[in-house]
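Spelled out from the first residue to the last, the chains are:
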Amino acid sequence: MTLTGQLLIGSRTVTGNGEIIHAINPATNTPLAPDYPGGDASHVDQACALASAAFDSFREIAPAERALFLECIANEIEALGDQLIERAVAESGLPLARIQGERGRTCQQLRLFATVLRKGEWLDVRIDPALPQRQPMPRSDLRQRQVPLGPVVVFGASNFPLAFSVAGGDTASAFAAGCPVIVKAHSAHPGTSELVGHAIARAVKNCGLPEGVFSLLYGSGREVGTALVSDPRIKAVGFTGSRSGGLALSKAAQARRDPIPVYAEMSSINPVLLFPSALQTRAEALAQGFVTSLTQGAGQFCTNPGLIIAQQGPDLERFISSAGELIKRIPTQTMLTPGIFHAYQHGVSQLKANPKAQLIAAGLSSEAPNQCQAHLFSTSAEDFLRDENLQAEVFGSASLLVQCRDAEEVRKVCEHLEGQLTATLHLDADDLPLAQTLLPTLERKAGRLLVNGWPTGVEVCEAMVHGGPFPATSDVRSTSVGTAAIQRFLRPVCYQDFPDDLLPTALRHDNPMHLRRLLDGQREA
């Protein structure tokens, strides 16, 4: 299809009248056509009005029909073929294979939520039948199900132009819950967003759904995003991005007359603990795994290992020597946007200027635009505990090694950490007693704990948790990846003493949907 640079408001394409967004090829710093004029308050109002009008009908269509809708979106995305891949590569600077894999993950997420819908367990049906003869008080017939919150705003992410953007996990889980979605496209990849947006719009039409089920808006700055979050018809927000951006949206959401949840993924340095026995037996292998994880995708992953914690000694020195030599041979990689590159450069410069941080090694340099040069720094546990600046996230291939004198300093460093998406433990059998003492602390600090692996790479599956205590996310109770993500956009409703004909289908006495209900405290077969 031909890119037009237009907004998608329901079934209509509309030319914006705001500041023009130019996609930039970060590998060459050259602009990409077409221009994308941003939306304004009137476009926000139109999209929200359509989403509100669509909500009551969309939320009550049969789960199997919503499942078909999700699968139709996946099919339409795949039908875009090479045009989508080529545009995403041009707008992100990411390798072809990475974008192809991300397209597969995006479609997998959609199809996974289709499976969730057909199983029906997301409805969490609970039934306590009436007990009219109970003494001293009879019990009414009580039936509970989950219902969607309402229209949802999703903000596209810079580092995943497909899997965390227009048709990414937030959109897929919101659609699965029965919520219309308005996407605020990320300014770094408007063309990719337009292609995927039209794929969703075709699926809406092909499935005979109300047009307000989906809209796509553009806008530079925070005006459009803040207007969306502030609109009273919006009932929840999904966001992946910077801490400042997530906090600004959370503030706007809480300032409303009716505050709404903002599920914002914001900041994480993902500590990796290297235990003594593991270092003794495989310091060089650990260094190789660490450098590979650190430099994957120029470090532009929210789960990038930005902090290493270990006890001092000759085995740690072996790790440092090996990791340093590996990093020195790492070539530069193109970062996603000039803005992200400049932020990375600033973060690295701050560490270089900090007398408490010592540079261990830097990767190869390049004169090409927006190139990420890998860096590894070191500090002492004492200095790390005293200087909050050493805990700041540097988004890219930069990491800080915290050297501890003993196990007690390791514990203090772990207690000092902010909330994280992940915490990784590299250990052998002899390290288990020490790991056991740290586990309660790490459980309080992170949403996903790994043993003898690396945090980069997030499996899309039933058990995955991609979330964590603040500032990793704004709501520690949720995950943005995995089937539990649907719960962010649902709320429970109880129906008391309803006649069967008035009950929602999922709650009727004869169980026409064949759900595994919690009946009088017992799970049905």
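Computed from a predicted structure; not experimentally measured. (Residues numbered from 1 in each chain as written. Predicted model: local features only at pLDDT ≥ 70, side-chain atom pairs only at ≥ 80, totals over all residues. Heavy atoms only, no water.)

1. What to know about the nonpolar core
Right, so step 1: Core analysis: the largest hydrophobic core is formed by 127 residues, its most contacted members being Ile73 and Phe175.
Right, so step 2: When near neighbours in sequence (up to four residues on either side) are disregarded, Ile73 contacts Leu110, Ala167, Phe175, Ile200 and Ala203.
Right, so step 3: Core analysis: the second largest hydrophobic core is formed by 23 residues, Phe290, Ile308, Ala323 and Leu401 among them. (Core = buried A, V, L, I, M, F, W, Y, C linked by side-chain atoms within 4.5 Å. Buried < 20%, exposed > 50% of the residue type's maximum accessible area, 1.4 Å probe, protein only. Contact = heavy atoms within 4.5 Å.)

2. Some words on the sheet that holds strand S22 (residues 518-519)
Right, so step 1: If you trace the five strands from one edge of the open sheet to the other, you get S21-S6-S5-S22-S23, paired in mixed fashion. In this open sheet, the two edge strands, each paired with only one partner strand, are strand S21 (490-496) and strand S23 (522-523).
Right, so step 2: Pairing geometry for strand S6 (residues 142-148) and S21, over seven bridges, is antiparallel. Bridge pairing in S21 links Gln146 to Pro492. (Pairing = 2+ DSSP bridges. Helix = DSSP H or I, 4+ residues; strand = E, 2+ residues; numbered from the N terminus.)

3. A look at the UniProt feature "domain: Aldehyde dehydrogenase" (unreviewed entry) in the protein chain
Right, so step 1: In the numbering used here, UniProt assigns the feature "domain: Aldehyde dehydrogenase" (unreviewed entry) to residues 17-460.
Right, so step 2: Secondary structure content for residues 17-460 is 45% helix and 20% strand, while the C-alpha to C-alpha distance between its ends is 38 Å. (UniProt positions renumbered as here; feature names shortened; annotations may be inferred.)

4. Observations regarding helix H2 (residues 63-79)
Right, so step 1: The terminal C-alpha atoms of H2, which comprises 17 residues, lie 24 Å apart, in line with the 24 Å expected from a rise of 1.5 Å per residue.
Right, so step 2: Within the sequence span of H2, burial applies to Pro63, Arg66, Ala67, Phe69, Leu70, Cys72, Ile73, Ala74, Glu76 and Ile77.
Right, so step 3: Considering only its buried residues, H2 is in contact with helix H1 (41-60), helix H3 (82-92), helix H4 (96-119), helix H5 (169-177) and helix H6 (190-206). (Expected span 1.5 Å × (residues − 1).)

5. Things to note about the side chain of Asn511
Right, so step 1: Mapped onto the elements of the fold, Asn511 is located in the loop between S21 and S22.
Right, so step 2: Separated by 2.9 Å, the side chain of Asn511 and the backbone oxygen of Leu515 make a polar contact.
Right, so step 3: Once residues within four sequence positions are removed from consideration, Asn511 is found in contact with Arg517 and Glu524. (Polar contact = N/O pair within 3.5 Å; in protein donor to acceptor, adjacent residues only side chain to side chain.)

6. A short note on the pattern of salt bridges
Right, so step 1: Taken as a whole and judged by the stated rule, the model has 28 salt bridges.
Right, so step 2: Here Arg111 and Glu78 are joined by a salt bridge, their closest N and O atoms 2.9 Å apart. Taken as a pair, Arg111 in helix H4 and Glu78 in helix H2 lie far apart in primary sequence, 33 residues in all.
Right, so step 3: Looking at Arg111, the relative accessible area reads 29%, which means it is partly exposed. (Salt bridge = Lys/Arg side-chain N within 4 Å of Asp/Glu carboxyl O.)

7. A few points about unusual backbone geometry
Right, so step 1: Of note, the amide linkage connecting Gln135 to Pro136 takes the cis form, showing an omega dihedral of 5°.
Right, so step 2: With respect to the helices, strands and loops of the structure, Pro136 is situated in the loop between strand S5 (126-128) and S6.
Right, so step 3: Of note, the bond from Phe470 into Pro471 is cis; its omega dihedral lies within 30 degrees of zero at 5°.
Right, so step 4: Relative to the elements of secondary structure, Pro471 occurs in the loop between strand S20 (446-451) and S21.
Right, so step 5: Within the chain, Asn370 stands out as a residue other than glycine whose phi angle is a positive 55°.
Right, so step 6: Looking at where Asn370 falls in the secondary structure, it is placed in the loop between strand S15 (358-362) and strand S16 (371-372).
Right, so step 7: Relative accessible area serves as the criterion here: at 4%, Asn370 is assigned to the buried category.

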